[in-house]
Every structure is written in C-alpha cells, then in structure tokens.
Amino acid sequence: MDLFGDLYAVDKAQLVTRRENLLDKMGLSEDAKRRAGKYSGGMKRRLSLILALINDPQIAFLDEPTVAMDPQSRHSVWDFLKELKKENKTIILTTHYMEEAEELCDRVGIIDHGKLIALGTPKELVSQNQVKNLEEVFIKLTGRKIREE
Amino acid sequence: MKAQRILALTKKEIKKTIREPAVLFMIFIFPIVFVFAFGASFGGVGAGQPLYNVGVVNLDQDNSVNASQTLLTALSDTKIINLHLYNDNQTAQNALSQGSIQAIMIIPVDFSQSYGSYQAAPGNPNVWTNATISLYLDKGSITATQAIPPIIQQTLTAIAGQAQQTPQNSFQLQIASLVNVEAHSALDFIAPGMFTFASIFLIMMVGQSFANDRENGMMKRIRITPTTPTEFMTGQVLSYMGIALIQATLVFVMTYALGFRPNVDGSVYAFAFILVLVFSLSNVGFGLITATLAKSASAATGLSFLFVLPQLFLGTFVGASLSSSAQVAGKFVPSYYVTDALTSLFLRGASIASPAVLLDLAAVSISCVAILGIGIALYAKYYKI
C-alpha cells in the first residue's frame, strides 16, 4: 500500500490516513501486518481493491472486484463502493454477478462476444425485456447455452 | 497405486522439461559451461603451461663469457618464461607495480665473472667470485611467488652445468622483494577477487526479481501508476547498487576479521567501493538479460549461471591459477578488471592514479554501462517497463 501510495506520489500523512481508512473499510486492519502472500483469495481481492484506490482516483476501473469473495466480504465491498458513489466517484466495474450490477450500478452495459448488446439503468433493462431482474435480462439477451469464457 | 497414473505423471514431467528451455539449460548447458569454466581455470584447457612475464635488468659487464646471455636464452627456452628487457631498475619496478610483469630479475655486474670463476674451478669455492641475482616478485600473484623462483634457480643450476646434488655454485638467487611477503597469506591473494565475487550473484537476484514481478503481476500494477520507465529503472539500479555496497562492506568486514590488512589508506578503500558499485551496473545488466530470456523466476535462476560462471571463474580469485588462454578470455569479462585493479591497489601497492588502475577503471566503466544499456534495451523490447 505504501509502495503504491508512493508511486502515485500521495502525501505521506495523507497516505497513512487513507491506508488506515481503506484497511478498515475492507476489513483488513487486523491482518495488515501479515504477508499478503499468505492471504486468502478473497483477502487478496480486497487488498487489490485498496491498491487500486490508494491514490483516491476520480475514476476507477474494477475488474470483477468481488470474485471469489465470501458473502460478508462481498457485502463490505459493496458498501464501500456505494460510499465512493456518494463521494461522486465514477466506477466502471466488470462483473458476472447480476445481483452485484443491480445493487451497485446506475448504468449497466451487457457485452456479448465483444459487442455491447444492451445499455441502460437496471430498471430500464428489466422493463424493456419484461423480466423480473437483471439476471434474466442477461440470460434472455445472451442465451442459455454455456460458453467458454 | 495405479501404473497408469504414474505413467501419466512421468509423461507430464518430461513434456514440461522439454517445453521449458531454461530447464533444459540447467540440465545440459549448465554442466557444459561449468566443466569448461572449471577446466579453463584449473586445468589449463588448450593452453599447455602458463606463461610468466619476467622483467630483466641486465647489469652484467663482462662480455667475454657473456653468461648473462646464456642465462636469458636458457630461460626463454623453458617456454614458460616471457622475458622483458629493461634498461634500469626503476622502469622495471614501475612495470611490476602496474602488473605488466610478474617479476624482475636483476643480473649483477659481476655475473659473467662469477660464472667464469666457477667454470674454471668448480670444485674450489675459495677462488669463486660470488654474485647474487636479485629477484623482485609481484606480491599480488601467488603464481609469481611460488613458481618463478624455482624456475630461475633450476635454470641457473642448468647453465652452470652443475649436478643437481651439488650444494652450491658461485652465483645465488636472492629474492629481493619478498621482504613483506611472509605477511601475505592465501587470503591476501584471494581477497581482491572476493570483493568482486560477491557482487556477481546480483545477476541471479536481478533476473529472479524481474521474472518474479512479471509472474505475480507486480509489473502490470506498476505500469498502471504514473511511474515512468526511467524512474522505474533508476530505482531498480540504485537499489542493486545499494545491495552491492552492502555486499562489499560485508566482504570487507569478513576479510578484515580473517586478517586481511593491506597497507593502504582510506582513499584506496573508497576507490575500491566505487569500483564495486560501477561493477554492479554490469550485473544488473546481465540480470535484465537473464530476466528477458527467462520465462519464470526459477528459470532465471538457472539461466543466470550463463553469466555468473564466466565472471566467477575468469575474473575473480580463481584467476590466480588461470591458464594463459583463460587469462585472455578473462579480459572479456568486467570482473577481471575489477579484481586486477583491486589487486594492484591492495597488493602491488599501486596508487589510485596509476595508469594500470585507471585503465582498469575505464574498462570496468565502459563495459558495465554498455552491458546495463543492452540489458535495459533488451528487457524493454520484450517486456513493457
């Protein structure tokens, strides 16, 4: 965290505050002294999120930020991302969890085979496709056939 | 236990080995490089006997017998002594201090007279004119101190036509420069090379580190930050120079603790550390080349020996027993010049400003900057920094 803070030229005092804050929000304060190599997969994902946000960016690109996380971790990340939204940060995240997109996103784009096939608010997409939720929108638009990722 | 599973695992390992060039290197190329380097260093591969450079100051004045010429011809005929003639002792001493020659032989004015007196009455020491040949030896060369005196002594015995059992003749060999030699241990001879030796393993460290950073995604993460390639490389090089400095300090402390006490002042030590720092640049360069060639950190470990071994065997303390062909090969590795400069400073008593030391510094600086440049260029070509 300090390394990346320094690489982003974050002020030392600010870095300490930001680091402690992020550790607390991601639930890693108690494990801060442990080597990251010994972390579980979910903890590594949370640490990765901290590293991406250590410079307090206005826009953050998050690639499947909650993959391999237990439900508690996932919800703490969701809460944190909602806080960022309140701070008027722009977050662009990719996810395969439709409930995550529904919970967090103002606008959702569905990309299939590299093409954007749908774009709108979760409510708009649900209503346009006359289904119950985003997961059904996704399945309706991309098909039920299992495909190689 | 099922044989089918065992067979499948065996096939998998064989395939993995064949598909990983670095592992192949460790299995086949490394032993070849090792055997060659070891053989060249200790076995005199392709060179026969080593050649010793001996300076001669011939003060002999009796030309009627011209025994000095007979001696010089006999020494040349040994094929292991390469004679260099000097007009005066001072010029020869300068050449010795700069490492151009390994010994100086001073033939006294009465050598031929002594030779003649012995030939006239070999059995009557009372009528001999006794003469002493003085020998100055390079204290920094273990081969010089151990090999050259007996060769000259045997040649003197031979030209006198003296039987080996005869206890003496009219001229004696006196080792003039070994006044301080008894204070030099084997450690003294290898210590300069040890300073160089420690730094060489930076190659492996750098190779592993870069490959590791690639493997665990650290390089990708760093590239996302605003860090420029120049900042990144400068930070890396500085960190390894720092490591080299610590290594050199530890080696110095260890050698000092073991009794290495060269009679030099602080500026020479400071210069030695600067040399090691400059040398570390080449090791970072070789490490980057290793990381470029290696697909993984473990592969980098093996590949690094491609650069570690030549530097180790041709340019460090092993150099004391190098064959002449290996000595020539040694001039193509930077470590040779570092060890040579440190030997000149610590053991030959050369000053920092002496031509031999400055020449070594120039060779080290140019080669190291060039190797570092090649390393950075190669790495940047195949992987983004």
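Cut-offs used in this document
- Residues numbered from 1 in each chain as written.
- Chains lettered and ligands numbered in written order.
- Predicted model: local features only at pLDDT ≥ 70, side-chain atom pairs only at ≥ 80, totals over all residues.
- Heavy atoms only, no water.
- Helix = DSSP H or I, 4+ residues; strand = E, 2+ residues; numbered from the N terminus.
- Buried < 20%, exposed > 50% of the residue type's maximum accessible area, 1.4 Å probe, protein only.
- Contact = heavy atoms within 4.5 Å.
- Areas by Shrake-Rupley, 256 points an atom, 1.4 Å probe, with all protein chains shown as cover.
- Axes fitted to C-alpha atoms, helices over the stretch in contact; angles between N-to-C directions.
- Parallel < 35°, antiparallel > 145°, perpendicular 65-115°, else oblique.
- Left-handed = near helix turned anticlockwise from the far one by under 90°.
- Patch = residues over 30% accessible without salt bridge, like charges linked within 9 Å, V, L, I, M, F, W, Y side chains within 5 Å.
- Salt bridge = Lys/Arg side-chain N within 4 Å of Asp/Glu carboxyl O.
- Buried area = accessible area lost by both parts, 1.4 Å probe.
- Polar contact = N/O pair within 3.5 Å; in protein donor to acceptor, adjacent residues only side chain to side chain.
- Nonpolar A, V, L, I, M, F, W, Y, C, P; charged D, E, K, R; others polar.
- pLDDT = per-residue confidence, 0-100.
- Pairing = 2+ DSSP bridges.
- 1 Å grid on protein atoms, 1.4 Å probe; cavity = no way out; pocket = protein on both sides within 12 Å on 5 of 7 lines; lining within 4 Å.
- Points joined across faces, edges and corners; volume = space filled by probe spheres on them.
- Core = buried A, V, L, I, M, F, W, Y, C linked by side-chain atoms within 4.5 Å.
- Phe/Tyr/Trp six-rings, centres within 6.5 Å; stacked < 30°, edge-to-face > 60°.
- Expected span 1.5 Å × (residues − 1).

> Would you explain the overall build of chain B in this entry?
What chain B contains, in helices and strands, is 15 helices and 5 strands. The burial tally for chain B puts 48% of its 385 residues in the buried class. When contacts within chain B are restricted to residue pairs at least 6 apart in sequence, long-range pairs at least 24 apart make up 78% of them. Summing over all exposed atoms, chain B offers an accessible surface of approximately 18,500 Å²; the carbon and sulfur share of this is 63%.

> What exactly am I supposed to notice about the overall build of chain A here?
A count of helical and extended segments in chain A gives 7 helices and 4 strands. Along chain A, from the amino end to the carboxyl end, the secondary structure elements read α-α-α-β-α-β-α-β-β-α-α. Taking all 149 residues of chain A together, the buried fraction comes to 37%. When contacts within chain A are restricted to residue pairs at least 6 apart in sequence, long-range pairs at least 24 apart make up 49% of them. If you sum the accessible surface of chain A, you get close to 9,500 Å²; carbon and sulfur atoms cover 51% of it.

> For this particular structure, what's the right way to read the packing of helix α8 (residues 202-215) of chain B against helix α12 (residues 297-315) of chain B?
Residue and element names in this part refer to chain B. Closest axis-to-axis distance for the α8/α12 pair is 8 Å, and the angle between their directions is 160°. Between α8 and α12, the angle falls in the class roughly antiparallel. For the element pair α8 and α12, the recorded crossing hand is right-handed. Together, I203, M204, G207, Q208, A211, N212 and E215 of α8 and A297, A300, T301, S304, F305, F307, V308 and Q311 of α12 make up the contact between the two elements.

> Could you clarify how one ought to interpret a nonpolar patch on the surface in this entry?
Residue and element names in this part refer to chain A. There is a patch of nonpolar side chains on the surface, built from I59, F61 and I92 and spanning about 330 Å² of accessible area. Tracing the chain through its elements places I92 in strand β2 (residues 90-94). Residue classification places I92 among the partly exposed positions, given a relative accessible area of 41%.

> How do you make sense of the interface of chain B and chain A when you look at a structure like this?
How big an interface is tends to be stated in terms of the accessible area lost upon association of its parts. Listed by partner, the interface residues are 7 residues for chain B and 6 residues for chain A. Taken together, both faces of the contact between chain B and chain A bury some 580 Å²; the carbon and sulfur share is 70%. Seen at the junction of chain B and chain A, the total is 1 residue pair in polar contact (both at pLDDT 80 or more). Classifying every residue of the side of chain B that touches chain A gives 4 nonpolar, 2 polar and 1 charged.

> Mind showing me how you'd approach the packing of helix α11 (residues 266-293) of chain B against helix α14 (residues 334-346) of chain B here?
For any two helices packed against each other, the geometry comes down to the angle between their axes and how far apart the axes lie. Residues and elements named next belong to chain B. Two elements in contact, α11 and α14, have axes separated by 10 Å at closest approach and are oriented at 175°. It follows from the interaxial angle that α11 and α14 lie roughly antiparallel. Between α11 and α14, the residues in contact are V268, Y269, F271, A272, L275, F279 and S282 and P334, S335, V338, A341, L342, L345 and F346, respectively. A breakdown of the residues in the contact of α11 with α14 according to their chemical character gives 12 nonpolar, 2 polar and no charged.

> Would you mind showing me how to read the confidence of the model for chain B here?
For any part of a model where pLDDT is low, the fine detail of the predicted coordinates should not be relied upon. Residues and elements named next belong to chain B. For chain B, the mean per-residue pLDDT works out to 77, and 78% of the residues sit at or above 70. Ignoring residues within four places in sequence, the model shows residues 7-13, a span with pLDDT below 50, making 0 contacts including any to other chains. Low confidence marks residues 163-167, where pLDDT is under 50. Its contacts with residues over four positions away, or in another chain, come to 2 contacts. We note a pTM of 0.63 for the whole complex and an ipTM of 0.79 for its interfaces.

> What's the story with the pairing of β2(A) in this structure? I'm lost.
For a regular strand, side-chain orientation follows a simple rule: the groups alternate between the two sheet faces. Relative to β2(A), strand β1 (residues 59-63) of chain A is paired through 5 bridges, and the arrangement is parallel. From the neighbouring strand, A:F61 faces β2(A), where its bridge partner is A:I92.

> Even after reading the chapter, I still don't get empty space enclosed by the protein, so can you show me in this structure?
Over the atoms a probe the size of a water molecule is rolled, and this reveals where empty space is left. Residue and element names in this part refer to chain A. Inspection of every chain in the model, using the stated rule, returns 1 cavity of 30 Å³ or more. Its volume calculated, the largest cavity comes out at about 30 Å³. Taken together, E64, P65, T66, V67, T95, H96, Y97 and E100 form the lining of the largest cavity. For the lining of the largest cavity, the residue count by class is 3 nonpolar, 3 polar and 2 charged.

> Looking at this structure, I do not really get the side chain of A:D31. What am I missing?
Residue and element names in this part refer to chain A. Within the secondary structure, D31 is located in the loop between α2 (12-25) and α3 (41-53). Classification of D31 by relative accessible area gives buried; the value is 17%. Setting aside residues no more than four positions away along its own chain, D31 makes contact with Y39 and M43.

> Explain the pattern of salt bridges to me, please; I cannot follow it from the model alone.
Note on pairing: side chains with opposite charge can pair once their charged atoms come close. Going through the model one piece at a time under the given rule, you end up with 9 salt bridges over all chains. If you follow the salt bridges from partner to partner, you end up with A:D2, A:R19 and A:E20 in one network.

> Where do I start with the nonpolar core in this structure?
Across soluble globular proteins, nonpolar side chains have a tendency to be buried as a group. A:L28, B:F195, B:F210 and B:F346 are the most contacted members of the largest nonpolar core, which has 97 residues in total. The dominant element in this core, judged by the number of residues it contributes, is α11(B), at 15 residues. Grouped together as the second largest cluster of nonpolar side chains are 26 residues, B:L72, B:I107, B:I133 and B:I152 included.

> Hey, could you run me through the packing of aromatic side chains in this one?
Each aromatic ring pair is characterised by the separation of its centres together with the angle its planes make. All names here are of chain B. The final tally for this structure, using the stated rule, is 6 aromatic pairs over all chains. For the pair F210 and F232, a centre-to-centre distance of 6.0 Å together with 80° between the ring planes defines the contact as edge-to-face. Linking F210 in helix α8 with F232 in helix α10 (residues 229-257), this pair joins segments that are 22 residues apart in sequence. On the basis of relative accessibility, which here comes to 1%, the residue F210 falls in the buried class. With centroids separated by 5.2 Å and ring planes inclined at 85°, the aromatic side chains of Y336 and Y337 adopt a geometry described as edge-to-face.

> What am I meant to see in α11(B) here?
Structural remark: α-helix, 3.6 residues per turn; residues separated by three or four positions point the same way. With 28 residues, α11(B) extends 41 Å from end C-alpha to end C-alpha; this agrees with the ideal 40 Å at 1.5 Å per step. Where burial is concerned, most of α11(B) is hidden: 22 out of the 28 residues are buried.

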